[in-house]
Amino acid sequence: MIELRVNGRRQSIAADPDTPLLYVLRGELQLNAAKYGCGLGQCGSCAVLVGGEVAFSCVVPVLLAENKEVTTLEGLGTEDEPGPLQRAFIAEQAAQCGYCIPGMMIRAHALLRKTLTPSDAQIRQALQPHLCRCGTHMRILRAIRRAAQEMRSASAEPLGTAPRESVL
């Protein structure tokens, strides 16, 4: 058995240690946001966080994720209570086909954990490993800037104000 912690929940998985993490997330845990794209770690559609770092789950053996926190897009919010990035991508209509968006949102989340004031150059640099053919790049940039603004506003609330939600 391989012990994983996915989106804050402990999971025991009976899988071959060399099985790609993506297959476990989608097949065993029914977490379908991360997509199979190229299977080579070159397109970014399978991106998740493993131990706080962006990883292409199609090439990461599940054993390497053992005892590390794995965060998928599902861990950033729910349909009823979307997180800041999810709300921003919806508001900016940043997805067209949506295939690359979960990976981009994971990478944007990793960027915003490091800085809530990213420049356009930093956003572009962070998203560089992701392939998107739909052409919504300007809306994606706006969505990430919008999420950063919301997260900055939430972190600047005065003491005694009820927290809106965790930004991590």
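Residues numbered from 1 in each chain as written. Predicted model: local features only at pLDDT ≥ 70, side-chain atom pairs only at ≥ 80, totals over all residues. Heavy atoms only, no water.

Novice: Got a minute to help me understand the overall build of the chain in this structure?
Specialist: Looking only at helices and strands, the chain has 5 helices and 5 strands in total. The N-to-C order of helical and strand elements in the chain reads β-β-α-β-β-β-α-α-α-α. Each principal axis of the C-alpha atoms in the chain carries an extent, and together these give about 45 × 40 × 25 Å. Here the chain, with 168 residues, has 44% of them falling under the buried criterion. Taking contacts inside the chain between residues at least 6 apart in sequence as the whole, the part at least 24 apart equals 58%. Just so you have it, the chain exposes about 9,100 Å², and 50% of that area is on carbon and sulfur atoms. (Helix = DSSP H or I, 4+ residues; strand = E, 2+ residues; numbered from the N terminus. Buried < 20%, exposed > 50% of the residue type's maximum accessible area, 1.4 Å probe, protein only. Contact = heavy atoms within 4.5 Å. Areas by Shrake-Rupley, 256 points an atom, 1.4 Å probe, with all protein chains shown as cover.)

Novice: Help me understand helix α4 (residues 120-127) in this model?
Specialist: The complete set of buried residues in α4 reads Ile123, Ala126 and Leu127. The buried residues of α4 occupy one face: seen down the axis, they fall within an arc of 90°. Of the residues in α4, the exposed ones pointing more than 90 degrees away from the buried face are Ala121 and Gln125. As for α4, its buried residues are in contact with α3 (101-114) and α5 (137-155). (Arc of directions from axis to C-beta.)

Novice: Honestly, helix α2 (residues 84-91) in this entry has me stumped. Any pointers?
Specialist: Residue pairs three or four apart in sequence face the same way in an α-helix, which turns once every 3.6 residues. Every buried residue belonging to α2 is among Pro84, Leu85, Gln86, Ala88 and Phe89, and all of these are buried. Among the structural elements, α3 and α5 are those in contact with the buried residues of α2.

Novice: Sorry if this is basic, but what is going on with the environment of methionine 1 here?
Specialist: Tracing the sequence through the fold places methionine 1 in the segment before β1 (2-6). Methionine 1 sits 15 residues away from aspartate 16 along the chain, and the two C-alpha atoms are 8.9 Å apart. Among residues more than four places away in sequence, those in contact with methionine 1 are Ser12, Ile13, Ala14 and Glu66.

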